[in-house]
Amino acid sequence: QEKVQQSPESLIVPEGAMVSLNCSFSDSASQSIWWYQQHPGKGPKALISIFSNGNKKEGRLTVYLNRASLHVSLHIKDSQPSDSAVYLCAVRGSNYKLTFGKGTLLTVTP
Amino acid sequence: DAGVTQTPRHEVAEKGQTIILKCEPVSGHNDLFWYRQTKIQGLELLSYFRSKSLMEDGGAFKDRFKAEMLNSSFSTLKIQPTEPKDSAVYLCASSLWGSSYEQYFGPGTRLTVL
């Protein structure tokens, strides 16, 4: 069974800082890794996904995947107070299923 | 385009009651998922439908949880009988099989069992 671990559990940064979130997973045969953002009282919303080793950039977001070390990270450049949310790492296995980590609570202070 | 709709947004039940949660997926999506979210366990998959066929019935959640997909645009999750440990947020998500597999989530139903 796939296991997904996220760190840190919570993070407080000042506005404009670079944010780095980490995620490790257990199945090297996983298909793709997703990052979701969840604001209080809302459902998760997909931000970015990656399948191949290496990095992928979309706007202020960059994700790095290292399949050898079973590690993926999300970096948010120039963080804004509106980025304050829970960030969930989700791994899509060789079947259809997404396995989620427990999330990192990000607070960006003005 | 309308997103995933869930009703009710909040539900309070007495222990032992039967409750039914409702979900309308994104139009045209053929995969539908029910999840339970708690602070301790995070997001746990309860059921998964593909083109209205039940693909996964939730393993440990089988006994008192039953999801149905009555048509391609409507699904229900019945919990019978409810227990206080069922207090959680129940999320419905849909996706289009064969595309990006991105799951679109509804706002969730917060269930409190007294």
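Residues numbered from 1 in each chain as written. Chains lettered and ligands numbered in written order. Predicted model: local features only at pLDDT ≥ 70, side-chain atom pairs only at ≥ 80, totals over all residues. Heavy atoms only, no water.

**Some details on empty space enclosed by the protein**
To keep it simple, the criterion reads: Of the grid points, spaced at 1 Å and generated over the protein atoms alone, those admitting a 1.4 Å probe that cannot get out make up cavities, while open sets with protein on both sides within 12 Å along at least five of seven lines make up pockets; any residue with an atom within 4 Å of a point is treated as lining. Grid points are joined across faces, edges and corners, and a volume is the space filled by probe spheres set on the points. For this classification, Asp, Glu, Lys and Arg are treated as charged, while Ala, Val, Leu, Ile, Met, Phe, Trp, Tyr, Cys and Pro are nonpolar and the rest, including Gly, are polar.
A full pass over the atoms with the stated rule returns one cavity of 30 Å³ or more. Reported here for the largest cavity is a volume of approximately 50 Å³. Contributing to the lining of the largest cavity are A:Arg92, A:Tyr96, A:Leu98, B:Asp31, B:Phe33, B:Tyr48, B:Ser95, B:Trp97, B:Tyr101 and B:Gln103. Of the residues in the lining of the largest cavity, the class split is six nonpolar, two polar and two charged.

**Considerations on the sheet that holds strand S6 (residues 54-58) of chain A**
Residues and elements named next belong to chain A. How we decide: Two strands pair under a simple rule: DSSP has to find at least two bridges between them. Each helix corresponds to a stretch of at least 4 residues labelled H or I by DSSP, and each strand to a stretch of at least 2 residues labelled E; elements are numbered beginning at the N terminus. Note on method: axes are straight lines fitted to C-alpha atoms, helices fitted across the in-contact stretch only, with angles between N-to-C directions ranging 0 to 180 degrees.
What the five strands build is an open sheet, ordered S1-S3-S8-S7-S6; its pairing is antiparallel. The open sheet terminates on both sides in strands that have one partner only, identified here as strand S1 (4-7) and S6. Strand-to-strand twist across the sheet, computed as the mean angle between neighbouring axes with direction ignored, equals 15°. In the sheet, S6 pairs with strand S7 (residues 61-66) via five bridges, with the strands oriented antiparallel. Counterpart to glutamate 58 in the pairing with S7 is leucine 61.

**Here's the deal with the state of the cysteines**
Residues and elements named next belong to chain B. The criterion, for reference: Any cysteine sulfur atom paired with another within 2.5 Å is treated as part of a disulfide. Think of it in three bands: with a 1.4 Å probe and only protein chains considered, a residue is buried below 20% of the maximum accessible area for its type, exposed above 50%, and partly exposed in between.
Counted by the stated rule, this structure contains two disulfides over all chains. Shown here is the disulfide that connects cysteine 23 with cysteine 92, its sulfur atoms set 1.9 Å apart. Taking the sign of the S-S torsion, -65° for the link of cysteine 23 and cysteine 92, the bridge is left-handed. Of this pair, cysteine 23 sits in strand S3 (residues 19-24) while cysteine 92 sits in strand S9 (residues 88-95); the two residues are 69 residues apart in sequence, bridging distant segments of the chain. Residue cysteine 23 shares its accessibility class with cysteine 92, and that shared class is buried.

**What about the nonpolar core?**
The line we're drawing: Buried residues of nine kinds, namely Ala, Val, Leu, Ile, Met, Phe, Trp, Tyr and Cys, make up a nonpolar core once their side-chain atoms join them within 4.5 Å. Here, two residues are considered to be in contact whenever any of their heavy atoms come within 4.5 Å of each other.
In this structure, A:Ile33, A:Trp35, A:Val72, A:Leu74 and A:Tyr87 are the most contacted members of the largest nonpolar core, which totals 24 residues. Elements with a minimum of two residues in this core: strand S3 (19-25), strand S4 (32-38), strand S5 (45-50), S7, strand S8 (71-76), strand S9 (85-92) and strand S11 (104-109) of chain A. In this structure, A:Tyr87 is in contact with A:Gln6, A:Leu21, A:Trp35, A:Tyr36, A:Gln37, A:Leu47, A:Leu74, A:Ile76, A:Gly103, A:Thr104 and A:Leu106, ignoring residues within four places of it in sequence. Counting 21 residues, the second-largest nonpolar core is a separate cluster that includes B:Ala13, B:Trp34, B:Ala67 and B:Ile79.

**Regarding the interface of chain B and chain A**
Where the parts come together, the accessible area they lose is often given as the size of the interface. Applicable threshold: Values labelled buried area give the accessible surface lost by two parts on being combined, using a 1.4 Å probe and summing over both. Take a side-chain nitrogen of Lys or Arg and a carboxyl oxygen of Asp or Glu: if they are within 4 Å of each other, that pair is a salt bridge. What qualifies as a polar contact is a pair of N or O atoms within 3.5 Å, subject to a donor-acceptor requirement within protein and to the restriction that residues adjacent in sequence count only when both atoms come from side chains.
On the chain A side, the residues contacting the 22 residues of chain B number 15 residues. For the pair chain B and chain A, the summed buried surface comes to about 1,500 Å²; carbon and sulfur atoms form 57% of the total. For the pair chain B and chain A, the interface holds one salt bridge. Among the ionic pairs, A:Lys97 bridges to B:Glu56, the shortest N-O distance being 3.3 Å. Between chain B and chain A we count five residue pairs in polar contact (both at pLDDT 80 or more) in total. Elements supplying a minimum of two residues to the side of chain B that touches chain A: strand S4 (31-38), strand S5 (42-50) and strand S6 (53-56) of chain B. Among the elements that line the side of chain B that touches chain A, the one with the most residues is S5(B), at five residues. Tallied by class, the residues present in the side of chain B that touches chain A amount to twelve nonpolar, six polar and four charged.

**Points about unusual backbone geometry**
Backbone phi values are negative for most residues with the exception of glycine, while trans is the configuration of most peptide bonds. The peptide bond linking A:Ser7 to A:Pro8 adopts the cis configuration, its omega dihedral lying at -10°. Its place among the elements puts A:Pro8 in the loop between S1 and strand S2 (10-14). Looking along the chain, the bond that leaves B:Thr7 and enters B:Pro8 is cis, with omega of -10°. The backbone of A:Leu70 sits at a positive phi, close to 55°, despite the residue not being glycine. With respect to the helices and strands, the residue A:Leu70 is situated in the loop between S7 and S8. The backbone of B:Ser51 shows a phi angle near 50°, a positive value even though the residue is not glycine. As for its placement among the helices and strands, B:Ser51 is situated in the loop between S5 and S6. For B:Ser51, a relative accessible area of 45% gives the class partly exposed.

**Here's the deal with the environment of A:Gln31**
Residues and elements named next belong to chain A. With respect to the helices, strands and loops of the structure, glutamine 31 is situated in the loop between S3 and S4. With relative accessibility at 29%, the residue glutamine 31 sits in the partly exposed group. Expressed as a C-alpha distance, the spacing of glutamine 31 and glutamine 5, which sit 26 residues apart in the sequence, is 17 Å.

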